[in-house]
Amino acid sequence: MAFSLDTELSDLKVSELLKEVSVDYTKTKRLEDAVAVIRDVLLSLPEEQVKPTAAAAFIKDIGAPGDKLDFKFRKPDSVEIIGSYTLKAAAKPFLNIDLAVRIPKACFHEKDFLNHRYHAKRCLYLVVIKKHLSSCSVVKNIGWSTFQDDARKPILIIHPGEMDNDTANDFVIRIIPTVLAGVFDISKLAPGRNNVRDFQQGGMAQPTPDYNASILEDMFIEDHSAFLKNSLSGSKNFVEALLLLKVWARQRNSINGPDCLNGFIISIILAYLTTEGGGKRITGQMTGFQAFRVVIDFIAISSTLEKGIFMQPQSVGNVSLELVDEAARTLRYMNKCKDKGFEEVFMTRIDFPAKFDYHARIIPVGKDHMKPPNICMDKEHSRVYEKQVELLLSKGLGDRARLVRVLHRSIPANWHIDENLQGLECLGKVPLLVGILISDFEKAFRMIDVGPSADNKIESAKFRSFWGEKSELRRFKDGIIAETAVWECEHWEKHLIIKKIMEYTLRRHLSLSSQDISIVGDQLDFTLLQGGKAPTSADPIASTPTLLDALDVLSKCLRGVEDLPLRISSVQPLDSAFRHTSVFPPMPHPLATDKEKRQYSDILVPTCIQTLEVMIQLEGSGKWPIGEIAIEKTKSAFCLKIAESMQKRWGILYVAAEDAVDLQMAGFAFRLRILYEKDKSLIKKQGLFGVLPVGNLQNTNCVLLEKDLLLRSQHSSMLNGLQGLHPVYGPTVRLAKRWICSHMFSGSLADEAVELLVAHLFVRPFPFSAPCSRVTGFLRFLRLVAYHDWALSPLVVDVNGDLTMKEEGQIMAQFIARRKDSRGESGANNTGPAMYIATPYDWESESWTSFSPDNLSLKRLIAYARSSAELLTRLVGGEVLEGWKSLFRTPLQCYDALILLHRDKLAYPSQILFNADIKQGSLPVTTQEASMDFFPYLSPLVIRKGFQEARNHLLVGFDPVKYFLHDLKTDMPKVFNIWHDAFGSEVIGLTWNKEAPFLKDAAQKRKRKEPDPTNFDVRNILEEVANVGTGLVKTVHLLKSPKYN
């Protein structure tokens, strides 16, 4: 039943997609009339003498001999519509009508297939056509482009005049020159023949297969079109399959191009599978979707494609391994995902920035390879250069990369041939875009490349020739002496090894400068550094090994405590620092230890130290008290006894408070929390789920505290192994959290929710593979937040595959029921979470997003995510080069009021990304002096008094901003929405709450036409804000007065 429903839904979606991309050919009558007018003009063109000076720059660049290019222009032998329009298979939004204009044989000499003479005359023929069509009544404008991105083969693009409907207006007309198959001797255009005489190596003429194929393509293009029309036009299902294949390919822009896959090759493969040679794998009885699947299956597993398809249409080349990989993944989506993978296969765009792990932009400006007379030989030299870059990087990266892809460059849109302004040299000024897919983390980020043994003289010489000064002989532990290339870096910088290899290889072998190469890898690392910028600052993640070692020691000590009524049965770390997802994991504090172990008088010693929660469970017992408060007091007594025992036995220092006990060892502060076996049943009995809003500082309800502890335990258990499987998971989460906080959403989205969002990208990356770089992972995170349909679809995060398809269906049913309730369809007043994130331990998204973000916060978050995703896409794709910092700089003008804090009163001022940029003209409502009671770093005077005196000034788990926000929410509820950055920003944003009591009172006064002292009220409110934060608040600025409705 479930399978039948899934099939029906997918068929319905495919049907709607086909309606969206199909053309209504009943509305193209005016367009066809315009084509008929153009055809009549072309067939009545007068004869005239053509000189090579009409396209001198183009002819010079392709190297054609100018003295053999004069010819008499004659009208075309025929002008016929070819391509997808004849099959009624044009797919929106890219619509065109191809007009095959056959050049008469009389325009050519017998040997014009040599030395680009054919290409030169072909171009000159188009120059004459353009001159006459420019004055045609149905032609709005006319420009130049290329056929299949071959710059040697220009075509004309005609935009017809205004039509009577949008469908016709979406079309352009392409003028494509062709010649009869008998114009040149086909045998002389065989792949092994040389037809560009200057193309030699060592004095020997080299074959020109690509050059020969470019001429053969024009000779057989009309035959190809006839073959396709005869094979496909008789079946509506074939046309639907072709449309689906085009949509699939267009969504994958790195395979949708002349060097890999285009509409023509798609059509040829489909037609081939309907023939005897293709085994008649596709029949007219199949639906369009079934035929689509057969083609994808053929591309993914057929050995025929490894050799190429050879039939009368001879210009089909080898299909790249990337295409085969995409097809294989598509089959997996169709088998594993709901609705047969409809969203993943047809609706999700797999573009260059989001697909690849590493991206490079190379500018080959001014290089000799793009200067005449060397621009064209067998191929355009821009294509040769692209291949050279690909081969160099493939050799340099070796088994670190499973795919190195240099995207095919296109002629600029404003290309002008006939005005002698441009030839092909402009193609050399177009930057190359390179994408790298990582093969394996262990291989990709190793620090040593081991080459051949020193005994192998020939291979060693090749290795040294390639790596140059990076090559060095090393003796290994097993006694082997081999050539090596070493990429030294700190362990938190291993993600830059790929970048270093690419830069070194390109600079050494292509003589590129650092300004010519831009590789995306470390541009966002500045957000994760504490205390400045690299290289002076280290990523605090560097302290994680020390932290984990300290945790191991702590766990052993806790299990070794013997003087307790109940033994400790388990120890579980809860803090995100233990699962590598803390933006700023704590670094060892010189005072959080039992004795002075090193000199610290010459460094800045922080006043505050972060606490790291560790949950412990005790063995079972029936002697626990029953009351909630009594249980909590008992737990506190246990924690205190544990701390005393550890201090007595191991000398571990502790700080005790009513609600917490903090152990200080190895430079860290571990906060003990106890969960005992009856907590789960007590929480279930109370039925209190979703009652812990983000940012809740204190919670006196014991059950709520234990519920929080239990959920965090389950969450931590689920995610602990993800970092081991995907080492990029942690850095991606850190970037995502930093972005969330930098745009002041700290109070709107819990850290655990961010971790789940990013986990989804690794667990269900479809239609991509799991990201292997932090920048790519961060881009996909932004797109997930921005484009997931939160109103209509839950996000199911199942890290360990615990949920069955039936259970996921039940989650969907619960989600739909909650959404129905929010619309009032069943009379309930239950809106459900705006951001619905379901997990195996929380089907109804009550743990982390029950209260926040609300609908308004989510709408704001989505807007920020879309803006950042668009900017990051352009940065990674090389469209813009500056703006990385803008991704994390929030616009302060989007708030109604701003609170500026004293920077030297923040607990961690080194975490601030940017200085507050409050626009001129925004005068402060109030200004206050800084408190002298707190400083983020201990004074030298305190340090000089000795270790113990300095320890007495250490504040464990203290953050003045957190307490200020808590007091502000308590003292002034519902007055405004508070937006802040949890990582040390000196600015807090305020927006007026429409439900604020003073706004409602003002509205009532206006209705009664009473005096309205609104300005006075607003200033008083903001002054009260400053008073709540006396000593911490520097100024309060009013940007926008509230609107009284």
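Everything that follows concerns the structure shown earlier in this document.
A. Just the environment of A592, in detail. Within the element layout of this structure, A592 appears in the loop between β17 (568-573) and β18 (608-609). Taking the C-alpha atoms as reference, A592 lies 8.3 Å from I609; in sequence the two are 17 residues apart. Contacts of A592, omitting those with residues within four sequence positions, involve I609, Q664, M665, A666, G667, F668 and R951.

B. Seen up close, the sheet that holds strand β14 (residues 471-475). Reading across from one edge, β13-β15-β14 is the order of the three strands in this open sheet, with antiparallel pairing throughout. Strands at the two margins of the open sheet, each flanked by one partner only, are β13 (448-453) and β14. Shown here is a sheet whose adjacent strand axes are inclined to one another by a mean of 40°, direction ignored. For β14 and strand β15 (residues 481-486), the ladder comprises five bridges, and the chain directions are antiparallel.

C. Geometry of the pattern of salt bridges. Counting across every chain of the model gives 46 salt bridges. For K19, the salt bridge identified is with E16, shortest N-O distance 3.5 Å. A residue pair is termed a helical-turn pair when its members lie 3 or 4 positions apart in one helix, as K19 and E16 do in helix α1 (residues 2-21) at three residues. Take K19: its relative accessible area is 57%, and that puts it in the exposed class. Ionic pairing is found between E844 and R818, a salt bridge with its closest N-O pair at 3.4 Å. Remark: R818 occurs in helix α27 (residues 805-822) and E844 occurs in the loop between β24 (837-838) and α28 (855-876); sequence separation between them is 26 residues. The class for E844 is partly exposed, based on a relative accessible area of 29%.

D. Layout of the sheet that holds strand β12 (residues 432-438). Spatial ordering of the open sheet is given by β11-β12-β10-β16, a layout of four strands whose pairing is antiparallel. Edge positions in the sheet fall to β11 (401-406) and β16 (517-520), since each of these pairs with one other strand and no more. Mean inter-strand twist for the sheet, computed between neighbouring axes without regard to direction, equals 15°. Across four bridges, strand β10 (residues 358-362) lies against β16 in antiparallel orientation. Among the inter-strand pairings, H359 is bridged to a residue of β16, identified as V520. Relative to β11, helix α15 (residues 381-397) is tilted by about 160°, and along the sheet it contacts β10, β11 and β12.

E. Spatial organisation of helix α10 (residues 288-301). An ideal rise of 1.5 Å per residue puts 20 Å on 14 residues; α10 measures up with 20 Å between its terminal C-alpha atoms. Most of α10 sits out of view: 10 of its 14 residues are buried. Those residues of α10 that sit buried are G288, F289, A291, F292, V294, V295, I296, F298, I299 and A300.

F. Broad picture of the packing of aromatic side chains. Taken as a whole and assessed by the stated rule, the structure comprises 35 aromatic pairs. Here W467 and W487 contribute two aromatic rings whose centre-to-centre distance is 5.5 Å and whose plane-to-plane angle is 70°, an arrangement assigned as edge-to-face. Within this pair, whereas W467 is found in helix α17 (residues 457-467), its partner W487 is found in the loop between β15 and α18 (497-510), the two being separated by 20 residues in sequence. For the residue pair W467 and W487, the accessibility class agrees, reading buried in each case. Cluster of aromatic residues (ring-pair linked, three or more members): F463, F466, W467, W487 and Y504. Stacked on the ring of F914, the Lys or Arg R889 has its end atom at 4.0 Å from the ring centre.

So, how was this worked out
- Residues numbered from 1 in each chain as written.
- Predicted model: local features only at pLDDT ≥ 70, side-chain atom pairs only at ≥ 80, totals over all residues.
- Heavy atoms only, no water.
- Helix = DSSP H or I, 4+ residues; strand = E, 2+ residues; numbered from the N terminus.
- Contact = heavy atoms within 4.5 Å.
- Pairing = 2+ DSSP bridges.
- Axes fitted to C-alpha atoms, helices over the stretch in contact; angles between N-to-C directions.
- Salt bridge = Lys/Arg side-chain N within 4 Å of Asp/Glu carboxyl O.
- Buried < 20%, exposed > 50% of the residue type's maximum accessible area, 1.4 Å probe, protein only.
- Expected span 1.5 Å × (residues − 1).
- Phe/Tyr/Trp six-rings, centres within 6.5 Å; stacked < 30°, edge-to-face > 60°.
- Lys NZ or Arg CZ within 6 Å of the ring centre and 35° of its normal.

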